[in-house]
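Structure assessment
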Amino acid sequence: PITQGVFRLQVLLRSELVTRPVPSFTVRPGRTDPKACAASGLALRGAAAGSRANFTVLARDQIGAANTVDDDPFVVALTSPLHTTVGGSCAGAPKFSATYACSYVVTAAGAYSLRVYAASRSAAAAFEMTGSPFAIVVTPGAVAASGTVLSTTVVTATAGVPYAFTLRTGDAFGNAAIYDPISAGSFVVASNATDYLGAGKSVTVVNNLDGTFGLTVLPTRSGGNDTVNVFLVVQGAYAHCKHSPYAMPVVVGAVVPSACTASSAATFATAGTMQTITFVARDTMANQLAVGTLTFSCLLTKPAAVVGGVPNTYNFLSSHQGNGVYQAIYTVTAAGAWTLSVMIGSSHINGSVFAVTVTPSSVDPYQCTAVGAGLSAGLFDLATTFSIFARDGHGNVMTSGTFAFAVTAGNQPATSVLVREVNGGAKWGEYIATFTVASSSTTAVTISTTLNNIHISGSPFIASYFTSSFSTSAAQSTVITTTHTAGFAGSITLAQMQLRDGNGVDVTRNDVTPTGTLAGKAMTITPGSKVGIFNAGLYATGAGSYSVLLMVNGQVIQGGSFDFKVLPAATSPTSCKYIVSETAPKAGSLFKTEVSAFDSYGNPQVYGATGNPTDYFNVTLTGADNKTALTEPPGIAHSATVTLTVAGTYKLAVWMQPGIATQFAQGPTTIVVFAGVVHVPSFLPKIPAPTAGVPATLTVTSRDVYGNEAPADATVGLTVSFAGPGVVTPTIAASGNGWTASYVTTVAGVYAVTIG
């Protein structure tokens, strides 16, 4: 029998049954033959590590009939050169079924041979089912933090030098992951790093697209460990990768001169006092280095030579104090501005070149000095002066403090001598002593100057004083300034006068006060910086020429009669005005704006004169076709010309340039641009398709050369002619911005319409 089932046996002799009744028998499946069996399922090609892979086996006998009777389970075994043999499982087939469910689980990725044979037979190859052994590939499972390994070849990092990690992704069983663009989106690599003090730093992460990631960290602070954390983030859950967190020791880098620092003492000193500057050796990340083999070379320089032969340059070197700290010591006696260059080799340290301010030390009466004509000679009964300079022990003029100098002059006690500070004293250290010596028969006058009861240098001074017989002379007195003949409106111009006696000698007492007039009006005359000097303030707000007289005792002094020319002050935008060529121009015409410039006092501006400004004005037209124009340079014309081609309403405004965003007080002007003359090529006809016998109208819109609709011009005649199967005589009439041609066609057909 070759087919299973129930059969009946009949024996015939000459077509007659030999036996009765007819016997029957049942044919069962033959014994399961592995070579006839068939396996199916994706697990026969491969599986993911750690996941159960399932396939089925259909049991058949030697003739290929399904064996639904016998329970003949199969054995599943996997072998690999790199791994030990792994067994699978095969469950028995349900009753009346020839299908067996088989499975296996492998945790190590790689290539395997899957053998399937009948359990009741030998494991010999002759009893393996058809297709066995199957070649399968077990791929890594889903990427997991426990199988993702962080590694590096760096043992110790150097501050300022980036160090790198490699992150090899893997599954939970330690299999290295294979890059897959689809599964790569199922996880994210997150990282951060901190130094040993907890300061955070960024980590650069690069996907190498081969299942690995490159991570780079820049170490900044030495002396401890950087802590690098690397996480695998799956569905928002963070998990440390293997070897994370990683502790990376960081050591200090090489010395970098531009990173080395100096103490604040590098910027100041006191004359005559030893100054100590501290330097710290640092690497590129400003970490302090415990190195003692450096030399900080210092050069202190005073830009200008110092009076008195004091050297204006100092060279000095540093000495190591331990742990990378160095000190340099110097002493200078000249106060003022110095520069300090600090270098390691040929490179400046951070902050070099330093600006050093050397301040004077404490005041020393023995170094204080006095100068002035009043110390050597003078006139009785006339006020005279001399200057006193407060100095420290090295001769530097004091720049701070107030000092009580006491001066006695001949028969004048200290209480009668006025000593005042110049420019506040605290800034310059100069004092002015003013005194008057009463007439005496003794011409030798002793002048003593003391500070804290100690005579200053040169004190007491012996001066010769005489009786003056000369008074101020108008003929000898003169104007000594040279820039007093011209000024600007609203500004004061000084004319300075020097009073002299009849012998042409500068007076030593103010026995008169000059007077002056400007355009016949009295002027203000004030005393100047010393005896005999007076200042006349010339002031006017109106531009023009004014007559000036400067007099002593009613008589004009030398150069005291002159014309004072007042020029306009700076141009004031709020005072300027403009006019336009027209407010209703036609498109295409030149539109001109003329500007008249005035100062804040209403004086018309004058250009080209020495000292007067150069002004430009910005003209803006805002509307259908925005325009901006800059006026011509002064001296040519204050005007701007533009061509407006688009009809419409514009706002014109004028601004002063450059840099003065102030609009004229006159405000904006409305400009309406109308269409230009009719331009024949710009006719825009609208020709309807008429019906025979029905009146029709043809409309022609007139435009100028720029496309603006223009009113029909009476001087422009419109002609319309029809050429076709019938005779058409149109009636033409002007209408608004164009014409209409009324006509009736009685014969249907195609007509050629000519419009001109």
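1. A short note on the overall build of the protein
From N to C terminus, the protein includes zero helices and 64 strands. Counting every position in the protein, which comprises 756 residues, the buried fraction comes to 38%. Sequence-distant contacts in the protein: of pairs separated by 6 or more residues, those separated by 24 or more amount to 63%. Working note: accessible area of the protein is about 37900 Å², and carbon and sulfur atoms make up 56% of it.

2. Here we look at the pattern of salt bridges
In this structure the tally under the stated criterion is five salt bridges. Put simply, Arg 115 and Glu 128 hold a salt bridge, and the shortest N to O gap is 2.6 Å. Placement of Arg 115 in strand E12 (residues 110-118) and of Glu 128 in the loop between E12 and strand E13 (134-139) is noted, with a sequence separation of 13 residues between them. Overall, the relative accessible area of 23% leaves Arg 115 in the partly exposed class. With its nearest N and O atoms 3.2 Å apart, the salt bridge here joins Asp 226 to Lys 201. Here Lys 201 lies in strand E18 (residues 200-201) and Asp 226 lies in strand E21 (residues 224-234), a separation of 25 residues in the sequence. Per residue, the accessibility class of Asp 226 equals that of Lys 201, and both read buried.

3. Brief notes about the packing of aromatic side chains
Overall, the coordinates contain 13 aromatic pairs when judged by the stated rule. Between the aromatic rings of Phe 74 and Tyr 100, the centroid separation amounts to 5.2 Å while the plane-to-plane angle is 80 degrees, which identifies the pairing as edge-to-face. You can see Phe 74 sitting in strand E8 (residues 74-80) and its partner Tyr 100 sitting in strand E11 (residues 99-105), a full 26 residues away along the chain. Tyr 100 shares its class with Phe 74; the two are buried.

4. With respect to the nonpolar core
Membership of the largest hydrophobic core comes to 27 residues, with the highest contact counts inside it found for Phe 55, Val 57, Phe 74, Tyr 104 and Leu 114. Of all the secondary-structure elements, those providing two or more residues to this core are strand E7 (52-58), E8, E11, E12 and E13. Sort the elements by how many residues they give to this core and E12 lands first, with four residues. If sequence neighbours within four positions are ignored, Leu 114 has contacts with Ala 43, Leu 44, Phe 55, Val 76, Ala 77, Leu 78, Tyr 104, Ser 132, Pro 133, Phe 134 and Ile 136. Core analysis: the next-biggest nonpolar cluster, separate from the first, contains 26 residues, Phe 279, Ala 328, Val 342 and Phe 354 among them.

5. So, the sheet that holds strand E19 (residues 203-207)
Reading across the sheet, the four strands line up as E14-E16-E20-E19 and stay open at both edges, with antiparallel pairing between neighbours. Looking at strand neighbours, the two that pair on one side only are strand E14 (149-151) and E19, the edges of this open sheet. Sheet twist, expressed as the average angle between the axes of neighbouring strands with direction ignored, equals 20 degrees. As paired strands, E14 and strand E16 (residues 163-168) are joined by three bridges and run antiparallel to one another. Considered in E16, the bridge of Leu 150 is made with Leu 167.

6. Details of the pairing of E11
Sheet topology places E7 next to E11; seven bridges connect them, and they run antiparallel. From the neighbouring strand, Ala 53 faces E11, where its bridge partner is Tyr 104. The pairing of strand E10 (residues 89-91) with E11 spans three bridges and is antiparallel. Paired with Cys 90 across the two strands is Cys 102, which belongs to E11.

7. Structural notes on unusual backbone geometry
Here Ser 244 and Pro 245 are connected by a cis peptide whose omega angle stands at 0 degrees. Looking at where Pro 245 falls in the secondary structure, it is placed in the loop between strand E22 (237-240) and strand E23 (246-251). The residue after Ser 459, namely Pro 460, is reached through a cis peptide bond having omega 0 degrees. Counting through the fold element by element, Pro 460 comes out in the loop between strand E41 (454-455) and strand E42 (461-466). Backbone geometry places Leu 209, a non-glycine residue, at a positive phi of 60 degrees. Residue placement: Leu 209 occurs in the loop between E19 and strand E20 (212-217). Phi at Asn 452 takes a positive value of approximately 60 degrees, unusual for a residue other than glycine. Within the fold, Asn 452 resides in the loop between strand E40 (444-451) and E41.

8. Remarks on the side chain of Ser 572
Its location among the elements puts Ser 572 in the loop between strand E51 (555-567) and strand E52 (577-580). For Ser 572, a relative accessible area of 13% puts it in the buried group. Separated by 3.1 Å, the side chains of Ser 572 and Thr 574 make a polar contact. The residues touching Ser 572, leaving out its near neighbours within four places in the chain, are Phe 598, Asp 599 and Ser 600.

9. A closer look at the side chain of Asp 61
With respect to the helices, strands and loops of the structure, Asp 61 is situated in the loop between E7 and E8. Nearest to the buried, unbridged Asp 61 among oppositely charged side chains is Arg 60, at 7.8 Å. Sequence-distant contacts of Asp 61, defined by excluding residues within four places in its chain, comprise Pro 29, Gly 30, Arg 31, Thr 32, Asp 33 and Ala 36.

10. Focus on the sheet that holds strand E30 (residues 325-330)
Here we have four strands laid out as an open sheet, ordered E24-E26-E30-E29, and antiparallel in their pairing. Both outer strands of the open sheet, strand E24 (261-262) and strand E29 (319-322), are each paired with one neighbouring strand and no more. Where E29 meets E30, three bridges bridge the pair, whose relative direction is antiparallel. Across the sheet, the residue bridging to Gly 322 is Val 325, located in E30.

11. Focus on the environment of Ala 119
Residue placement: Ala 119 occurs in the loop between E12 and E13. Taking the C-alpha atoms as reference points, Ala 119 and Val 76, 43 residues apart in sequence, are found 9.2 Å from one another. With residues near it in sequence (within four places) discarded, Ala 119 still touches Pro 73, Phe 74 and Val 75.

12. As for the environment of Met 129
Looking at the secondary structure, you find Met 129 in the loop between E12 and E13. Exposure remark for Met 129: the relative accessible area of 1% places this residue in the buried category. With 90 residues separating them along the chain, Met 129 and Ala 39 place their C-alpha atoms 8.3 Å apart. Discounting chain neighbours no more than four positions away, the residues touching Met 129 are Pro 34, Lys 35, Cys 37, Ala 38, Ala 39, Val 57, Val 116 and Tyr 117.

13. Re the confidence of the model for the protein
This prediction gives the protein a mean pLDDT of 84; 90% of its residues lie at or above 70. Put simply, strand E59 (residues 684-686) is where the protein has its lowest mean pLDDT, 66, and E16 is where it has its highest, 95.

14. Re the environment of Val 189
With respect to the element layout, Val 189 can be found in strand E17 (residues 188-194). Taking the relative accessible area as the measure of exposure, Val 189 reaches 16% and is therefore buried. Separated by 24 residues in the primary sequence, Val 189 and Phe 213 have C-alpha atoms spaced 8.5 Å apart. Leaving out residues up to four positions away in the same chain, Val 189 has contacts with Leu 167, Val 205, Phe 213, Val 230, Phe 231 and Leu 232.

Thresholds, definitions, all that
Residues numbered from 1 in each chain as written. Predicted model: local features only at pLDDT ≥ 70, side-chain atom pairs only at ≥ 80, totals over all residues. Heavy atoms only, no water. Helix = DSSP H or I, 4+ residues; strand = E, 2+ residues; numbered from the N terminus. Buried < 20%, exposed > 50% of the residue type's maximum accessible area, 1.4 Å probe, protein only. Contact = heavy atoms within 4.5 Å. Areas by Shrake-Rupley, 256 points an atom, 1.4 Å probe, with all protein chains shown as cover. Salt bridge = Lys/Arg side-chain N within 4 Å of Asp/Glu carboxyl O. Phe/Tyr/Trp six-rings, centres within 6.5 Å; stacked < 30°, edge-to-face > 60°. Core = buried A, V, L, I, M, F, W, Y, C linked by side-chain atoms within 4.5 Å. Pairing = 2+ DSSP bridges. Axes fitted to C-alpha atoms, helices over the stretch in contact; angles between N-to-C directions. Polar contact = N/O pair within 3.5 Å; in protein donor to acceptor, adjacent residues only side chain to side chain. Lys, Arg positive; Asp, Glu negative; His and termini not counted. pLDDT = per-residue confidence, 0-100.

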